[in-house]
Amino acid sequence: MSTLAHTMMTAARSSDSGLAGPGGLDRYPYAEGPGAERVGASAWEGADPELGRVGRRAAGSRGRGLHGQLVQQLGQMIVSGDLGADRPLVPEEIGQRFEVSRTVVRESLRVLEAKGLVSARPNVGTRVRPVSDWNLLDPDIIEWRAFGPQRDDQRRELSELRWTIEPLAARLAAGHGREEVQQRLGDMVEIMGHAMAQGDSLTFSRADAEFHSLLIQVSGNRMLEHLSGIVSAALQVSGGPVTGCDRPNETSLTHHGRIVDALAEADGAAAEAAMRQLLAVHPEVERVVPAPREH
């Protein structure tokens, strides 16, 4: 096993043990300085007592501390529909419910506003925005939808998006003969092979995500490059056997290797074909492959 493969597999195993357990995000202890104001018990009118118990997915830890946890919690509540469109969000009530300071609430709402989930206007306050205003390409929103009531729609839409951009990215990447990139892609395939042999699905999925992200980044198309993070998020939250990247298997590994070989030969058509074959490994994919739509 290469040094890179060993390092990546070790890191994956150690980080996997640090995920939040059940209930870990239900309440946020007040951790501000001694001079900060603490709000009293929750009085969020009309709130379901279970609202604080929505999803506990690992990727929410991208934002650390009280601020990141509150963004995660409120984002999930909005995306799940527990906080419906046009509902007012009163900072004092949020701070009271989650036992955090006004500063934490204010900064969290700003993050959600940047994602299109809420809007803040003078004399109106902060309100939840309709789905049509959300930044659906934001990795956090992708995850929140994937583990909420909209999981089926999110799964289908992500699959359609991948079928649209990844075969093209593979074709374009074949025209950029960068040896170091091809080596890195080959390393990812090697790591995936070792991980599969050891039954390490976490390392397999991380190497797979890096493979696809890197492939898009070297396509030479900056607009496609912008979507690399979205594809990575899609691979992490697909939630079922939609494509050949959803679970380790020999066929999937073979197609990844064929993509690398096609890139080394600067064969764009072969790279595109191998990507399409990879995305269609599972028979269930027929339900999500985009078909021509009537207008």
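Scroll up to find the structure.
A few points on the structure. (Residues numbered from 1 in each chain as written. Predicted model: local features only at pLDDT ≥ 70, side-chain atom pairs only at ≥ 80, totals over all residues. Heavy atoms only, no water.)

## Quick word on the nonpolar core
A general trend in soluble globular proteins is that nonpolar side chains are found buried together. The biggest cluster of nonpolar side chains holds 28 residues, and the ones touching the most others in it are Leu185, Phe211, Leu215, Ile259, Leu263, Ala271 and Met275. Counting residues per element, the ones that place at least two in this core are helix H6 (151-173), helix H7 (179-197), helix H8 (201-217), helix H11 (250-264) and helix H12 (268-279). With 8 residues, the single largest contributor to this core is H7. Those residues in contact with methionine 275 that lie beyond four places of it in its chain are Glu166, Pro167, Ala170, His212, Leu215 and Ile259. If you look at the next biggest cluster of nonpolar residues, it comprises 22 residues, including Leu74, Phe98, Val100 and Val105. (Core = buried A, V, L, I, M, F, W, Y, C linked by side-chain atoms within 4.5 Å. Buried < 20%, exposed > 50% of the residue type's maximum accessible area, 1.4 Å probe, protein only. Helix = DSSP H or I, 4+ residues; strand = E, 2+ residues; numbered from the N terminus. Contact = heavy atoms within 4.5 Å.)

## Topic: helix H5 (residues 139-146)
Of all the 8 residues making up H5, 7 are buried; the element is thus mostly covered by neighbouring parts of the structure. Capping the start of H5 is the job of one residue whose side-chain oxygen sits 2.8 Å from the backbone nitrogen of aspartate 140: aspartate 138. (Polar contact = N/O pair within 3.5 Å; in protein donor to acceptor, adjacent residues only side chain to side chain.)

## A few points about the sheet that holds strand E1 (residues 88-89)
With antiparallel pairing, the 3 strands of this open sheet are ordered in space as E1-E3-E2. Two strands bound the open sheet, and with one partner strand each, they are E1 and strand E2 (118-121). Bridge count between E1 and strand E3 (residues 125-128): 2 bridges; the pairing is antiparallel. Residue pairing across strands places leucine 89 opposite threonine 126, the latter belonging to E3. Strands in contact with helix H4 (residues 102-114) are E1, E2 and E3; relative to E2, the strand with the most contacts, it is inclined by about 115°. (Pairing = 2+ DSSP bridges. Axes fitted to C-alpha atoms, helices over the stretch in contact; angles between N-to-C directions.)

## Digging into the side chain of serine 108
If you trace the backbone, serine 108 turns up in helix H4. A residue is classified by how much of its surface remains accessible, and serine 108, at 0% relative accessible area, is buried. Residues contacting serine 108, with those up to four places away along its chain left out, are His67, Leu70 and Val71.

## So, the environment of glutamate 225
By the secondary structure assignment, glutamate 225 is in helix H9 (residues 222-225). For the pair glutamate 225 and leucine 215, spaced 10 residues apart in the sequence, the C-alpha separation amounts to 9.0 Å. Ignoring sequence-local partners within four residues, the contact set of glutamate 225 consists of Ile216, Gln217 and Gly220.

## Focus on the packing of H7 against H8
It is the contact of H7 with H8, at a shortest axis distance of 8 Å, that shows an interaxial angle of 160°. On the basis of their axis angle, the class for H7 and H8 is roughly antiparallel. Crossing of H7 over H8 shows left-handed handedness. For the pair H7 and H8, contact is made by Val181, Arg184, Leu185, Met188, Val189, Ile191, Met192, Ala195 and Met196 and by Thr203, Phe204, Ala207, Asp208, Glu210, Phe211, Leu214 and Leu215, respectively. For the contact of H7 with H8, the per-class residue count stands at 13 nonpolar, 1 polar and 3 charged. (Parallel < 35°, antiparallel > 145°, perpendicular 65-115°, else oblique. Left-handed = near helix turned anticlockwise from the far one by under 90°. Nonpolar A, V, L, I, M, F, W, Y, C, P; charged D, E, K, R; others polar.)

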